[in-house]
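# Descriptive analysis of the structure
Listed below are the residues making up each chain.
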Amino acid sequence: MWRLPRARAAFRGVRTAVERRGRAETGTEATTGAMERAVVRCVPTEPKLSLSFALADGSHKNMQRDQSEPLGRVLSRIATNALKGHAKAVAAKKSRKNRPNASSDFDGAGPGPEAGAPCEPVVKLYYREEAVAEDVLNVDAWQDGAVLQIGDVKYKVERNPPAFTELQLPRYVMAGFPVCPKLSLEFGDPAGSLFRWYREVKPRAMAPEGEGPSSLSPTSASPTWTETGVNERVFTPSNADIGLRLKLHCTPGNGQRFGPSRELESVCPVEAGPGTCTFDHRHLYTKKVTDDSLIRTVSYNILADTYAQTEFSRTVLYPYCAPYALELDYRQNLIQKELTGFNADLICLQEVDRAVFSDSLVPALEAFGLEGVFRIKQHEGLATFYRKSKFSLLSQHDISFHEALESDPLHKELLEKLALYPPAKERVFQRSSVLQVSVLQSTKDSSKKICVANTHLYWHPKGGYIRLIQMAVALAHIRHVSCDLYPGIPVVFCGDFNSTPSTGVYHFVISGNIPEEHEDWASNGEEERCNMSLSHFFKLKSACGEPAYTNYVGGFHGCLDYVFIDLNALEVEQVIPLPSHEEVTTHQALPSVSHPSDHIALVCDLKWK
């Protein structure tokens, strides 16, 4: 009789689940031999044990039990469930036997097995070939490698094998655009998991009358599938797949073992894509990931869904854009393809909806080797992604501009200057803009670190002085991180600054100072004027220069987005050309059926000096 030693700290708080599964198509589950597979899930923070198993009659039981309950009570309950299942099976057999013209199973040679009252089956749990004592608590009784016996059926117990907790395909799938499932795993990781894609076999037409039914006629109970030959997480359907649904067979793994497989099918068939997109030609320059000496950097305002899906956007801002092309499900396909095709090492995004970050960007970019962090503003926020093979995240130092200005001693002098202008101060403190700052360390050379800043400054055309204050707070905070916390590390500052090269913000960043007589201090009239001189010590440069525009809508076009770099430590290797004016204006302006945002991504390769 196996008993747990009194030192029971190892698996306190464990939740257990036993789940019957068939062998996986991949053959990874053959290690269980002839026994059924019982999956045990153990989560220390959950108070209940969840025990599920399949009886011999095919029914599936799911039991919630206290983790502190003795094993014997659970085994007794399993026996009772098995007995009930047996009784139902006997009743079903008897019903069939009593049908007219039904033959007897026993040809009158004495009573059948249903004539007598059945006995409860023997239910035992074994570990290392010894029965587990019934007074052992549930939380400790179910061990990896144990064997559960219910009557003549044996189950091989596997505790904490990799398992999917979430698995979902995008609702809309387009030819030529990567399909990446959203997934979450316990005790596993996507890199250690197996994926196999199938496409639907298009049903043949119904056979003419008299020629017999077709096995693939529309009356078939279930679709027929054929392998695509793609065994990776991401699958890009072709034009030949248009009109067909997709199926994904997934086996979760962790590099050492595999868990129970799952399958899911696309809700809708593959649709035709929009044809040539504005970024297709740009991808010719970014076919491969750069070598370790380079940092491919992207800054992109992807247009938040919360702004795109308004009546004002449809009728006033973007009346030229087809309504379906403003829908999130459509635009996400384009955004994912554009970003993954850049093969970037750093991606700084603005106007990112929280759900878009978690449900779309994270799974898509994770499949291409990037990891991301998110900072909410109000209705949307900022996201920074970095290539895991090149960088690891050391720390985050995000701030809200108005909160930092009000409470951080770092900005005491600036706050005192602003306090002299109450109307301006009030307006500055009403803004919700944020700054995202991430410190990354090279995975190849631990001495190399980089400060990556990302922001989206206040948008209003008359908000020049507000943007100047926000930029002053940003640069002071970035200096604190890159000089005080991590002395001497280089800076990359990306974002939508809502400032053209002729504005005070751009002059301030590039020249290092802004005089108190600059016209932007009165950008919203004399009442809110707040003259002050500001300076910073950085030596910054716009890595992508001053393009004619990075934002192109019906009523405006201009350069609002930049990748500012620290000239003391970084230099520009190449700038990926922006789309041609002809490409941008093919559908009048942006966004369009071939471009998912009203902004254009900036892409450049940076080099350590």
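Residues numbered from 1 in each chain as written. Predicted model: local features only at pLDDT ≥ 70, side-chain atom pairs only at ≥ 80, totals over all residues. Heavy atoms only, no water.

## Things to note about the sheet that holds strand β15 (residues 294–301)
Picture the strands of a sheet paired through backbone hydrogen bonds; they go either parallel or antiparallel. With mixed pairing, the six strands of this open sheet are ordered in space as β17-β18-β16-β15-β31-β30. Sheet topology places β17 (370–376) and β30 (570–575) at the edges, where each strand pairs with a single neighbour. Sheet twist, expressed as the mean angle between neighbouring strand axes with direction ignored, is 25 degrees. The sheet contact formed by β15 and strand β16 (residues 346–352) spans five bridges and is parallel. Directly across from Thr-297, in β16, lies its bridge partner Leu-346. Strands in contact with helix α6 (residues 354–366) are β16, β17 and β18 (381–387); relative to β17, the strand with the most contacts, it is inclined by about 170 degrees. (Pairing = 2+ DSSP bridges. Helix = DSSP H or I, 4+ residues; strand = E, 2+ residues; numbered from the N terminus. Axes fitted to C-alpha atoms, helices over the stretch in contact; angles between N-to-C directions. Contact = heavy atoms within 4.5 Å.)

## Points about the side chain of Asn-531
Among the structural elements, Asn-531 can be located in the loop between β24 (513–514) and β25 (534–535). Judged by its relative accessible area of 19%, Asn-531 falls in the buried class. The residues touching Asn-531, leaving out its near neighbours within four places in the chain, are Tyr-421, Glu-516, Glu-517 and Trp-521. (Buried < 20%, exposed > 50% of the residue type's maximum accessible area, 1.4 Å probe, protein only.)

## Observations regarding the packing of helix α5 (residues 328–341) against α6
Helix packing for two helices is described by the angle between their axes and how far apart those axes are. The contact between α5 and α6 brings their axes to 10 Å, and the two run at 35 degrees. Relative to α6, α5 is oriented so that their crossing is right-handed. Residues Leu-328, Gln-332, Ile-335, Gln-336, Leu-339 and Thr-340 of α5 form the contact with α6, whose participating residues are Val-356, Ser-360, Leu-361, Ala-364 and Leu-365. Within the contact of α5 with α6, the residues separate by chemical class into seven nonpolar, four polar and no charged. (Left-handed = near helix turned anticlockwise from the far one by under 90°. Nonpolar A, V, L, I, M, F, W, Y, C, P; charged D, E, K, R; others polar.)

## Structural notes on the pattern of salt bridges
Oppositely charged side chains are able to pair whenever their charged atoms sit close together. All chains considered together, the criterion is met by 21 salt bridges. Across the pair Asp-144 and Arg-257 runs a salt bridge whose closest N-O atoms are separated by 3.6 Å. Placement of Asp-144 in the loop between α2 (138–141) and β7 (147–150) and of Arg-257 in the loop between β13 (246–251) and β14 (262–265) is noted, with a sequence separation of 113 residues between them. The partner of Glu-265 in a salt bridge is Arg-245, with the nearest N and O atoms 3.0 Å apart. Pair noted here: Glu-265 is in strand β14 and Arg-245 is in the loop between β12 (225–227) and β13, with a separation of 20 residues, a long-range link. Linked through salt bridges whose partners overlap, the residues forming this network are Arg-41, Glu-46 and Glu-186. (Salt bridge = Lys/Arg side-chain N within 4 Å of Asp/Glu carboxyl O.)

## Some details on the packing of aromatic side chains
Evaluation of the coordinates by the stated rule reveals 14 aromatic pairs. For the pair Tyr-549 and Tyr-552, a centre-to-centre distance of 4.8 Å together with 65 degrees between the ring planes defines the contact as edge-to-face. The pair formed by Tyr-549 and Tyr-552 is uniform in burial state, with each residue classed as buried. Joined through ring pairs, the aromatic side chains of Phe-493, Phe-497, Tyr-506, Tyr-562 and Phe-564 make up one cluster. Lys-247 extends its terminal NZ or CZ atom over the ring of Tyr-198, reaching a point 5.0 Å from the ring centre. Across from the ring centre of Phe-537, 4.2 Å away, lies the NZ or CZ of Arg-479, which sits over that ring. (Phe/Tyr/Trp six-rings, centres within 6.5 Å; stacked < 30°, edge-to-face > 60°. Lys NZ or Arg CZ within 6 Å of the ring centre and 35° of its normal.)

## Digging into the sheet that holds strand β11 (residues 194–200)
Pairing in this open sheet of four strands is antiparallel, and the strands run β12-β11-β13-β14 from one edge to the other. On the outer flanks of this sheet lie β12 and β14, each paired with one strand and no other. Neighbouring strand axes in the sheet, compared pairwise and without regard to direction, differ in orientation by 30 degrees on average. One ladder, built from three bridges, connects β11 with β12; its direction is antiparallel. The partner of Arg-199 across the bridge, within β12, is Thr-226.

## Remarks on the pairing of strand β29 (residues 561–566)
For β29, the buried fraction is high: six of the six residues fall into the buried class. Residue alternation in β29 divides its side chains into two sets, Asp-561, Val-563 and Ile-565 and Tyr-562, Phe-564 and Asp-566, and both sets are buried. Taken together, the five bridges between strand β23 (residues 491–496) and β29 define a ladder with antiparallel strand orientation. Opposite Val-492, over in β29, you have Ile-565 as the bridge partner. Of the pairings in the sheet, the one linking strand β26 (residues 540–542) to β29 comprises three bridges and is antiparallel in character. Looking at the pairing, Leu-540 lines up with Asp-566 of β29.

So yeah, pure geometry; function would need other evidence.
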